[in-house]
Structure formats: structure tokens, C-alpha cells
Amino acid sequence: MSSALVVVDVQNDFCPGGNLAVKDGHEVVEGINAIRDSSEFSHVIFTRDWHPQDHVSFARNHPNQPEFSKKLVNGLPQTLWPAHCEEGTVGASFHEDLDVRDSDFIYSKGTSKDWEEYSAFGNSEMGKFTTFAEELRSRGISKLYVCGLATDYCVCETAIDGADQGFSVVLLEDLTRGIAPDTTRRAKARMRSAGVEIQTVDQLV
Ligand code: VGL
Ligand code: ZN
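These numbers were taken from a predicted model, which means no experiment stands behind them. (Residues numbered from 1 in each chain as written. Chains lettered and ligands numbered in written order. Predicted model: local features only at pLDDT ≥ 70, side-chain atom pairs only at ≥ 80, totals over all residues.)

## Quick word on the overall build of the chain
To keep things clear, this is the line we draw: Note on conventions: DSSP H or I runs of at least 4 residues are helices, E runs of at least 2 residues are strands, and numbering of each starts at the N terminus. Counting other C-beta atoms within 10 Å of each residue's C-beta, where C-beta atoms are placed from the backbone, gives the exposure class: buried for 20 or more, exposed for 12 or fewer, partly exposed between. Note that contacts rest on C-beta atoms placed from the backbone: two residues are in contact if these are within 7 Å.
Helix and strand counts for the chain come out as four helices and ten strands. Secondary structure elements of the chain occur, N-terminal to C-terminal, as β-α-β-β-β-β-β-β-α-β-α-β-α-β. Of all 205 residues assigned to the chain, the portion counted as buried reaches 42%. In the chain, the share of contacts with a sequence separation of at least 24, taken over all contacts with a separation of at least 6, comes to 74%.

Structure (C-alpha cells):
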């Protein structure tokens with residue numbers, strides 16, 4: 001059985017100074033770099049939010065809708081975010097201190113303009129699935145250690161979908177940061193109910 005370290009969206013736009021900054025987001029970088037060579041992981045995978053400029057989740061693409069407001073899109077509630085992680089921009093690049101190597105697998109998500117994709121596995125509510133599960137299985141990976149940004153959105157949805165798809169999933173809680181305390185609390189409760197194990201780095205064997 002192989003395990004992967006799945007580092008979610010540690011990109012400039014989610015770090016202080018970025019367009020959708022997560023408080024203290026940059027603090028996860030050092031700890032992630034420190035564990036990536038652990039013998040526990042056969043693979044290190046980095047996901048990245050990678051949106052076209054006309055992405056449905058950007059407030060600026062909805063006339064008269066303020067940032068952080070919600071709107072029904074395709075019948076589902078959609079949070080309208082400041083434009084972030086536009087493909088190919090500095091904001092979409094990984095944090096400059098993050099140790100990303102040529103041998104790592106980088107997976108872009110949120111690339112279709114018409115739907116939100118917090119999870120690397122896709123948007124299950126809309127029945128849209130990516131090739132991520134297949135990519136993991138083809139590498140013999142059955143266990144995921146998930147960390148990164150943001151706990152309450154992309155980390156949470158990726159972890160829950162992973163568990164739903166039959167992967168054993170551990171959240172490395174101290175290597176994540178959330179956008180807001182209430183949504184972060186709810187996200188952790190949802191992950192727990194979905195069968196995600198919540199651990200800290202020092203519990204890694
Ligand atoms: C994310 C909001 C919008 C995330 C991505 O990476 O958690 N959050 N897009
Ligand atoms: Zn996004």
C-alpha cells in the first residue's frame with residue numbers, strides 16, 4: 001500500500017498579500033517541507049487552483065454582486081470570490097519557499113469556467129469528476145495525507161471526496177489554515193463524519 005502526501009493549493013493568492021489570502025497561510029510551508037521526505041510517503045502531490053479569467057466563482061464575472069456574497073449558480077449556492085489563482089499568474093504560483101520538485105505530481109483543478117471545483121476530485125454535487133482518483137490509483141496510492149489551504153474549502157472537499165472514493169484519508173491538521181473560524185470548525189466536523197482521520201504531524205509514524 002502506498003501513501004501520498006497531498007498538498008492542497010499552497011499558492012501565493014492564498015497566502016498573506018495574495019488576492020484571497022488565508023490568515024497565516026504561509027505558515028504551513030515550513031512544516032510541509034520538513035515532512036515531505038518522510039518514508040511514510042511514496043508520492044508527493046501538489047494540487048493547485050487554476051482558474052480561467054472568466055471563472056464562475058469570481059465576483060467580477062457577476063454584475064452587481066459583491067465579493068464574498070453568495071448566489072445560486074446552476075441551482076447550487078456559489079460563494080463569489082475575489083478573482084484568484086488565474087492560470088499562469090504570480091498569484092497562481094506556488095509559495096516561493098515551498099519545496100516542489102520535478103518528480104512531484106502537480107494537479108490543476110478549477111480549470112473549467114462553468115463550475116466550482118474546490119476538490120481535486122471534482123464537483124460531486126454537479127456530478128463532474130476529474131481524473132484525480134484515477135491518477136492516484138494508477139500510482140498504487142490508497143492512503144492520502146492531506147494538508148494545505150484552505151481547510152474550510154479545498155482541503156475539506158478534497159479530503160471528503162477522497163474518503164468517499166475509498167481512499168484512507170488523514171488530515172494533517174496543523175499543516176492547514178482556514179479562511180474563517182466558523183467554516184473551519186464546520187469543515188472539520190464534516191471531515192470527521194466522512195471518515196477522515198484528523199491528526200497532527202507529530203502523530204506521523
Ligand atoms: C479555495 C476558495 C476558492 C481553496 C479555492 O483553495 O480553498 N477557496 N477557491
Ligand atoms: Zn478557486
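Back to the write-up after that little detour.
## Some words on the environment of Met126
Summarising the element assignment, Met126 is placed in the loop between β6 (122-123) and β7 (128-129). Assessed through the 15 C-beta atoms surrounding it within 10 Å, Met126 is described here as partly exposed. Residues Met126 and Val7, 119 residues apart in the sequence, show an inter-C-alpha distance of 24 Å. If we ignore the near neighbours within four places in the chain, the residues touching Met126 are Asn74 and Trp115.

## A look at the UniProt feature "domain: Isochorismatase-like" (unreviewed entry) in the chain
Selection criterion: UniProt positions are given in the numbering used here, feature names are shortened, and annotations may be inferred rather than shown by experiment.
Per the UniProt annotation, the sites labelled "domain: Isochorismatase-like" (unreviewed entry) are residues 3-203. In this annotation, residues 3-203 is assigned 21% helix and 26% strand; the end-to-end C-alpha distance for the span is 15 Å.

## Let's talk about the nonpolar core
Under the convention used in this document: By definition, a nonpolar core groups buried Ala, Val, Leu, Ile, Met, Phe, Trp, Tyr and Cys residues that connect through C-beta atoms lying within 7 Å of each other.
By size, the foremost hydrophobic cluster in this structure holds 48 residues, and its most contacted members are Val6, Val7, Tyr145, Val146, Cys147, Leu149 and Ala159. Among the secondary structure elements, those contributing two or more residues to this core are β1 (2-8), α1 (28-35), β2 (43-49), α2 (132-138), β8 (141-149), α3 (151-164), β9 (168-177) and α4 (181-193).

## Notes on the sheet that holds β1
Within a sheet, neighbouring strands are paired by backbone hydrogen bonds and run either parallel or antiparallel to one another. Here is the rule: At least two DSSP bridges between two strands are needed for those strands to be called paired. An axis is simply a line fitted to the C-alpha atoms; with a helix, the fit covers only the stretch in contact. Between two such axes, the angle follows the N-to-C directions and lies from 0 to 180 degrees.
The sheet built from six strands is open, its strands ordered β5-β2-β1-β8-β9-β10 with parallel pairing. For this open sheet the edge positions go to β5 (105-109) and β10 (197-199), each flanked by a neighbour on one side alone. The mean angle between the axes of side-by-side strands here comes to 25°, regardless of whether they run parallel or antiparallel. Sheet analysis places β8 next to β9, joined by six bridges and oriented parallel. Bridge pairing links Leu149 to Arg177 in β9.

## So, the pairing of strand β3 (residues 70-73)
Looking along a regular strand, one sees the side chains alternate between the two faces of the sheet. As paired strands, β3 and strand β4 (residues 76-79) are joined by four bridges and run antiparallel to one another. Considered in β4, the bridge of Lys71 is made with Gln78. Joining the antiparallel neighbours β3 and β4 is a turn of two residues, in which Asn74 adopts a positive phi near 55°.

## Digging into the packing of α3 against α4
Rules: Small angles under 35 degrees read as roughly parallel and large ones over 145 as roughly antiparallel, with 65 to 115 read as roughly perpendicular and the rest as oblique. Basically, the charged four are Asp, Glu, Lys and Arg, the nonpolar ten are Ala, Val, Leu, Ile, Met, Phe, Trp, Tyr, Cys and Pro, and anything else, Gly included, counts as polar.
One can describe the packing of α3 onto α4 by two numbers: an axis separation of 9 Å at closest approach and a directional angle of 5°. By the criterion of interaxial angle, the relationship of α3 to α4 is roughly parallel. Judged by residue contacts, Thr151, Asp152, Cys156, Ala159 and Ile160 of α3 engage Thr183, Thr184, Ala187, Arg190 and Met191 from α4. Per-class residue counts for the contact of α3 with α4 are five nonpolar, three polar and two charged.

## Remarks on unusual backbone geometry
If a residue is not glycine, its phi is most likely negative; likewise, a peptide bond is most likely trans. Here the residue pair Leu149 and Ala150 is connected by a cis peptide bond, since its omega of -15° sits within 30 degrees of zero. The topology assignment puts Ala150 in the loop between β8 and α3. Here Asn64, not a glycine, exhibits a phi torsion of approximately 65°, which is positive. Relative to the elements of secondary structure, Asn64 occurs in the loop between β2 and β3. Take Asn64: there are 6 C-beta atoms within 10 Å of it, and that puts it in the exposed class. A positive phi angle, near 45°, is found at Cys85, a position not held by glycine. If you trace the backbone, Cys85 turns up in the loop between β4 and β5.

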